[in-house]
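Given next are the chains, with one letter for each unit.
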Amino acid sequence: MADEVGKLLEEADRLPYGEARTVLVERALRVAETLPEPEPAIAVRLALTQSYQFGGEPGKSFTTFSRTLAAYDAEPGRFTEAQARRVLWQYKWIMTDMLRFPEIPLARALAALDDMERRFRQAGKPHAVNGSRARFAWHLGDERALEEWLHRWEITPRDDLSDCRACDISARAHLLSQLGRDTEAVAMAGPVLDGRFTCRVQPQSILCTLLPPYVRTGLLDAAAEGHRRAYRIVQGQVAYLDDIGDHLRFCALTGNRTRGLEILERELPLLDRAPSPAQARAFMTGGALVLLRLLETGHDALTVRRHGADVPVPELHATLAAGAREIAARFDARNGSDVHTRRVEAALSAARLVDHLPLLPHARLSLSRAAATGTGQRWDDPALRELAEQVARLTADGDTARMAPARVELCRAYLRAERPLDAAETAEETLPLLDPADRVNGRKVRRVLAEALLALGEHDAALAALEPLKDPGAFMDAGDTLAGRDEDEAAARAYERAAEVYRRADDVLSAGWALRLRARSVYYASDDATEIRRAYDLARTALRAADPGRAAPELAKLAYEEAVALQWSGDREEAAERGREALDACTALDDQEGAQRARDLLDELREQDD
């Protein structure tokens, strides 16, 4: 049974955070709780608390963490040193979440904060406590206390229970921005924005924090870039629902109501499974402000799709605003104040900070020529700037016939200049402008879009961009790019897609070639020997269905690569069999280099047996 728990946790670790991963860890806990010893359940509860936190269900983590804490207090000797440290680390998450759920009594939250501080100080690690105290001060509207705790946070030495440097900086920048100390917030963010410090939630979180400070301090290029860069990372992820709300708010404050409406329609289904009331409130507030901008400009006849129906903008605005107010009132009832109601009312009626901030660089060029923004954006490549100005000029003139081809070239130029975000968003903007019959430019833009998305780490979106081309070579190129970056799991998906297209075209040999490369990527990406074996079996079956003479070189490579994989998995007997198969095939093909590789592998296997 303990082995079953371990296997379930290993399987869960291979999945991204979300429902599928959480279900496996929950199953592991059910098994662990049937065991006589408590250690497996301790390990699983710690893992499940983390899965709830990062999978968008923080409310469920209160129960698992409480049981873990009680178990630790009862029998601390049952916990390893690493697990005891992890208990304290997770306490920080719980304290943040207590500020997100108004149903938790304030007295209980403050008692938990005191308990956390006691434990951290006993461990001689008080730095993170200052951060939690500062967040509580802001939540309760005590700005004087917030200033004091920010100061203590800054002067207290970091320790091994401090948040990572990137998140620590992001949290302090957020509170500084709430106090109106925008210049300090922007300056503080430097080490995260330049890549010196990063983690799984940065830089997207700090970029979201900096959007209002950027606009208020006149850093409009940085604001536009930050919004575009961060939103691409968080889109569609329920755990970032509050950040998405801030992106909606940014669109409303910068005259980008059309983009705001697009984001609202895309992300509105996430609201039905909001991780917490506080995150729901942030989303509803941002969404209501976008809809207010539409109402202010006479677009009250528009509708937004929700729950299978077309909801009029005035109705949805009223619903979202009422929802935000209701949650704020619940927090105020808990806290005995009107702090949250005042903040929500200010957010729901916020005026634009600028009339209109174009988001793409070439769009801002046309505006800056008229001295409308004074953004001072940098264009290091004169040829790129000239092309961007041409696109801006044609767009302003409404010259559709020449604008689309110019945008195609601008996409490619951005990519050559290693500006993948600009390349991707310009390509996405360009595709709807092209004549559907213009296959040449359509192909160019989709290839650029896919390459840019790969550079941005949006692997599945890149493959989706290539889908309409029905070009296996494009998928093979994507697979090669990903494999060269050691993104082997994504490379395997690209090669598999290429194989499917080759099969539909009855190109059996090329399909086998693609599946061989897929098998190699699966080997690099996976720790599951069974999965790896299946991948090689699939490739062998495909290649053996092709013309024997033409498939022979591929089968030789496949045999050698599978022998290496079998050696790794510890199956030396079968590895030697595949190695001899590779040697015989390479010898028959007069491939001396391949034959020598196979001999070296066989020698290594014999040495291991000896």
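Please read all numbers here as calculations on a predicted model, not as lab measurements.

What counts as what
Residues numbered from 1 in each chain as written. Predicted model: local features only at pLDDT ≥ 70, side-chain atom pairs only at ≥ 80, totals over all residues. Heavy atoms only, no water. Helix = DSSP H or I, 4+ residues; strand = E, 2+ residues; numbered from the N terminus. Buried < 20%, exposed > 50% of the residue type's maximum accessible area, 1.4 Å probe, protein only. Contact = heavy atoms within 4.5 Å. Areas by Shrake-Rupley, 256 points an atom, 1.4 Å probe, with all protein chains shown as cover. Lys, Arg positive; Asp, Glu negative; His and termini not counted. Charge placed at Lys NZ, Arg CZ, Asp CG, Glu CD. Pairing = 2+ DSSP bridges. Expected span 1.5 Å × (residues − 1). Arc of directions from axis to C-beta. Salt bridge = Lys/Arg side-chain N within 4 Å of Asp/Glu carboxyl O. pLDDT = per-residue confidence, 0-100. Core = buried A, V, L, I, M, F, W, Y, C linked by side-chain atoms within 4.5 Å. Disulfide = S-S within 2.5 Å.

This part covers the overall build of the protein. Summing up its helical and strand segments, the protein has 31 helices and 2 strands in all. Over its C-alpha atoms, taken along the principal directions, the protein stretches across nearly 85 × 75 × 50 Å. The buried share of the protein, reckoned over its 610 residues, is 51%. At a minimum sequence separation of 6, the contacts of the protein that also span at least 24 residues come to 61%. Of the roughly 28100 Å² of accessible surface on the protein, 49% is carried by carbon and sulfur atoms. For the protein, the separation between the mean place of its 83 positive charges and that of its 101 negative charges on side chains is 4 Å.

If a strand is regular, its side chains alternate between the two faces of the sheet. Burial along strand β1 (residues 303–306) is one-sided: the residues V304 and R306 are buried and none of T303 and R305 is. Judged from the 4 bridges that link them, β1 and strand β2 (residues 309–312) form a sheet pairing that is antiparallel. Directly across from R306, in β2, lies its bridge partner A309. In this structure, the hairpin formed by β1 and β2 is closed by a connection of 2 residues, where H307 is found at a positive phi of approximately 55°.

Moving on, we come to helix α1 (residues 2–13). An ideal rise of 1.5 Å per residue puts 16 Å on 12 residues; α1 measures up with 17 Å between its terminal C-alpha atoms. Among all positions of α1, only V5, L8, L9 and A12 are buried. Across the axial projection of α1, the buried residues extend over an arc of 95°, all falling on one side. Exposed and oriented more than 90 degrees from the buried face of α1 are D3, K7 and E10.

For the structure shown, the criterion picks out 61 salt bridges. A salt bridge links E33 to R45; the nearest nitrogen and oxygen atoms lie 3.1 Å apart. Placement of E33 in the loop between α2 (19–32) and α3 (39–54) and of R45 in helix α3 is noted, with a sequence separation of 12 residues between them. A relative accessible area of 9% places R45 in the buried class. With a shortest N-O distance of 2.7 Å, R181 and E184 are connected by a salt bridge. Linked by salt bridges that have partners in common, E225, R228, R232, R419, D422, E425, E428 and E458 make up one network.

Looking now at the confidence of the model for the protein. Across the protein, the average pLDDT comes to 92, with 97% of residues at 70 or higher. With pLDDT under 50 throughout, residues 367–376 is counted as low confidence; its partners more than four residues away or in other chains account for 13 contacts.

Residue position: Q567 is located in helix α29 (residues 548–569). Exposure remark for Q567: the relative accessible area of 16% places this residue in the buried category. Setting aside anything within four residues of it in sequence, one finds Q567 in contact with A575, L601, E604, L605 and Q608.

The next subject is the nonpolar core. Of all hydrophobic cores here, the largest spans 62 residues; its most connected members are L410, L466, M476 and Y536. When sequence neighbours within four positions are dropped, the list of residues in contact with M476 reads Y495, A498, Y502, W513, A514 and L517. By size, the runner-up hydrophobic cluster in this structure holds 40 residues, among which are L268, A278, A288 and F331.

The subject of this paragraph is the state of the cysteines. Per the counting criterion, the structure on display carries 0 disulfides. No disulfide involves C208; its sulfur sits 11 Å from the nearest other cysteine sulfur, which is in C251.

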